[in-house]
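# Coordinates in review
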Amino acid sequence: MSDKNTILLVDDDFIFLEMLKESLVDEDKYNIIGFQSGEECLNHLHLKPAVIVLDYFLNSENPNAKNGLDVLKEIKKRDSKVKVIILSGQEDGNLVYDFVRENAANYVVKDDNAFDNIKKAIENAL
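Below is a short write-up of the structure. What you see is a predicted model; the values in this text were computed from it and never measured.

### Description of the overall build of the protein
If you tally the helices and strands in the protein, you get five helices and five strands. Shown N-terminal to C-terminal, the secondary structure of the protein runs as helices and strands in the order β-α-β-α-β-α-β-α-β-α. If you line up the protein on its principal axes, its C-alpha atoms span 35 × 35 × 25 Å. When burial is assessed residue by residue, the protein has 43% of its 126 residues classed as buried. Nonlocal contacts in the protein, meaning residues at least 24 apart in sequence, comprise 63% of its contacts between residues at least 6 apart. Split by element, the accessible area of the protein, about 7,000 Å² in all, is 44% carbon and sulfur. A gap of 8 Å separates the mean positions of the 15 positive and 24 negative side-chain charges of the protein.

And the structure:
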C-alpha cells in the first residue's frame, strides 16, 4: 500500500465526479477513488480513507438512495476519525447546521469555485 492519503469522492453526477477527480489528479500525494452512490462508498470504508468528499444529493439514478446526511451518519458510526467534506448545490443554512452537528469537516457549495474550495478543504482536513 502506498503512503498516499486515500480520498474518496462521492457524487451521483458522473461528469462532475470525473471533473473533480481530474482536478485532484495533479496532487500526486493522493490516492483518489470515485463512487456514484453513498452505498458504494460505505462498502469501501475498509480502504481507510483520510478524507471523503460527499455530495448531499445522491439519488438521481436511484430514488431510494441514501442522501449525503444519511451516509455521513453511517460513516461516522463506522469510523469517527475520517474527515468528511460535504459538497452541495444547496446554500441552506439549516442544512449546513445539520452537517456540522454530524461532525462534517467542511461544507463546500457547488459553484464556480468548487474545485479550488474542495482542494483547500482537503488540505485543511489533512
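### Description of the pattern of salt bridges
The full count for this structure, using the stated rule, is six salt bridges. Note that Lys 21 is salt-bridged to Glu 18, the shortest N-O span being 3.1 Å. Of the two residues, Lys 21 and Glu 18 both sit in helix H1 (residues 14-24), three residues apart, roughly one turn of that helix. Glu 18 sits in the partly exposed class, given a relative accessible area of 31%. Sharing partners across several salt bridges, the network here consists of Asp 11, Asp 55 and Lys 110.

### A short note on the sheet that holds strand S3 (residues 51-55)
Taken together, the five strands give an open sheet; going across it, the order is S2-S1-S3-S4-S5, and neighbouring strands pair in parallel fashion. Where the open sheet ends on each side, the last strands, each with one partner, are strand S2 (30-35) and strand S5 (106-109). Here the average twist between neighbouring strands, direction ignored, is 20°. Summarising the sheet, strand S4 (residues 83-88) and S5 pair through four bridges and their orientation is parallel. Its bridge partner lying in S5, Ile 85 is registered against Asn 106.

### As for the pairing of S3
Every regular strand shows the same layout, with side chains that alternate between the two sheet faces. The buried fraction of S3 is high, at five of five residues. Along S3, one buried face is formed by Val 51, Val 53 and Asp 55 and the opposite face, lined by Ile 52 and Leu 54, is buried too. Where strand S1 (residues 5-10) lies against S3, four bridges are found, and the strand directions are parallel. Within S3, the residue paired with Leu 8 across the bridge is Ile 52. Direction of pairing for S3 relative to S4: parallel, over a ladder of five bridges. Looking at S4, one finds that Leu 54 is bridged to Ile 86.

Parameters at a glance
- Residues numbered from 1 in each chain as written.
- Predicted model: local features only at pLDDT ≥ 70, side-chain atom pairs only at ≥ 80, totals over all residues.
- Heavy atoms only, no water.
- Helix = DSSP H or I, 4+ residues; strand = E, 2+ residues; numbered from the N terminus.
- Buried < 20%, exposed > 50% of the residue type's maximum accessible area, 1.4 Å probe, protein only.
- Contact = heavy atoms within 4.5 Å.
- Areas by Shrake-Rupley, 256 points an atom, 1.4 Å probe, with all protein chains shown as cover.
- Lys, Arg positive; Asp, Glu negative; His and termini not counted.
- Charge placed at Lys NZ, Arg CZ, Asp CG, Glu CD.
- Salt bridge = Lys/Arg side-chain N within 4 Å of Asp/Glu carboxyl O.
- Pairing = 2+ DSSP bridges.
- Axes fitted to C-alpha atoms, helices over the stretch in contact; angles between N-to-C directions.

The values reported here are purely geometric and, on their own, carry no functional implication.
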